[in-house]
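# Breakdown of the fold
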Amino acid sequence: MKFFIDTANLAQIKEAQDLGVLDGVTTNPSLMAKEGISGAENVKAHYKAICDIVDGDVSAEVIATEYEAMIKEGEELAAIDSKIVVKIPMIKDGVKALRYFSNKGIKTNCTLIFSAGQALMAAKAGATYVSPFIGRLDDVSTDGLALIESIRVIFDNYDFGTEILAASVRHPMHIIECAQIGADVMTGPLSAMEALLKHPLTDIGLAKFLEDHAKANG
Ligand code: E4P
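In this report, the structure presented in the accompanying data block is examined. (Residues numbered from 1 in each chain as written. Predicted model: local features only at pLDDT ≥ 70, side-chain atom pairs only at ≥ 80, totals over all residues. Heavy atoms only, no water.)

### A short note on the sheet that holds strand S4 (residues 84-89)
The cut-off we apply is this: Here, strands pair whenever DSSP counts at least two bridges between them. Helix numbers and strand numbers start at the N terminus; a helix is a DSSP run of H or I with at least 4 residues, a strand a run of E with at least 2. For helices, the fitted line uses only the C-alpha atoms of the stretch in contact; every axis is such a line through C-alpha atoms, and the angle between N-to-C directions lies from 0 to 180 degrees. Here a residue-residue contact requires only that any non-hydrogen atoms of the pair lie within 4.5 Å.
Spatially, 8 strands are ordered S1-S2-S3-S4-S5-S6-S7-S8 in a closed barrel, and the strand pairing comes out parallel. Neighbour-to-neighbour, the strand axes of the sheet open up by a mean angle of 30°, direction not taken into account. The pairing of strand S2 (residues 24-26) with strand S3 (residues 57-61) spans 3 bridges and is parallel. Each bridged residue has a counterpart across the sheet, and for Gly24 the counterpart in S3 is Asp57. Across the sheet, helix H6 (residues 116-124) is in contact with strand S5 (108-113) and strand S6 (129-132); its angle to S5 comes to roughly 165°.

### Some thoughts on the pairing of strand S8 (residues 185-188)
Spelled out, the test is: In this scheme, a residue with accessible area under 20% of its type's maximum is buried, one over 50% is exposed, and one in between is partly exposed, where area comes from a 1.4 Å probe on protein chains only. With the strands pointing away from the viewer, any crossover whose connection runs clockwise from the first strand over the helix to the second is right-handed.
Side chains Val185 and Thr187 of S8 all project onto a buried face; the interleaved residues Met186 and Gly188 project onto the opposite face, where all are buried too. Where strand S1 (residues 2-6) and S8 come together, 4 bridges link them in parallel fashion. Residue pairing in the sheet places Phe4 in a bridge with Thr187 of S8. The sheet contact formed by strand S7 (residues 163-166) and S8 spans 2 bridges and is parallel. If you follow Ala166 over to S8, its bridge partner there is Met186. For the handedness criterion, the β-α-β arrangement of S7, helix H9 (residues 172-181) and S8 is classed as right-handed.

### Brief notes about the environment of Lys14
Topologically, Lys14 is positioned in helix H1 (residues 10-19). Separated by 40 residues in sequence, Lys14 and Val54 place their C-alpha atoms 7.5 Å apart.

Pasting the structure below:
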């Protein structure tokens, strides 16, 4: 399973990249705003800065919601760097835009997926990735991981090449369960990735090894 980091924070992206486990980055308009990035040129420069750090796909979301405007904005985003994946919301004009970019060989990530039907539509339209938001489903008492399972079955039934990008991942168990189900990618915060490497018995064991070594070696 590929690991994407879900942030526009350059320091965190660099930290994850340096850890050696990072396969890509996802951003969204809220994450860009959180970093104080505004204005078309600043936004493009920030995406370029992200692409210069990471070895892998970088999702950049269109703000437009009408077909023609989505195409124009998506083409501008794709021109920033070959790592850019145009992120398109799951709306009717978005489905048309997915087909357009797919026909042109430009990678896409269909975002705001909350049902298997939406994922099927995005795959039919040639999306490179679909992003089911599992954490936000859990937030409204709906099983986000069950949605990943359902999409996995559908995509496998018909050999869709579209990758399942489990998004809105909040904690390490989300990551582990996504891996068990067979999500192709997960995107989440650095904290969730780092939590995977922690175990109290590791810390206790290491302390004991170092203590015994110190005793034996003075
Ligand atoms: C996906 O690409 C989104 O950026 C993201 O995962 C949303 O996560 P959130 O629900 O934690 O905001």
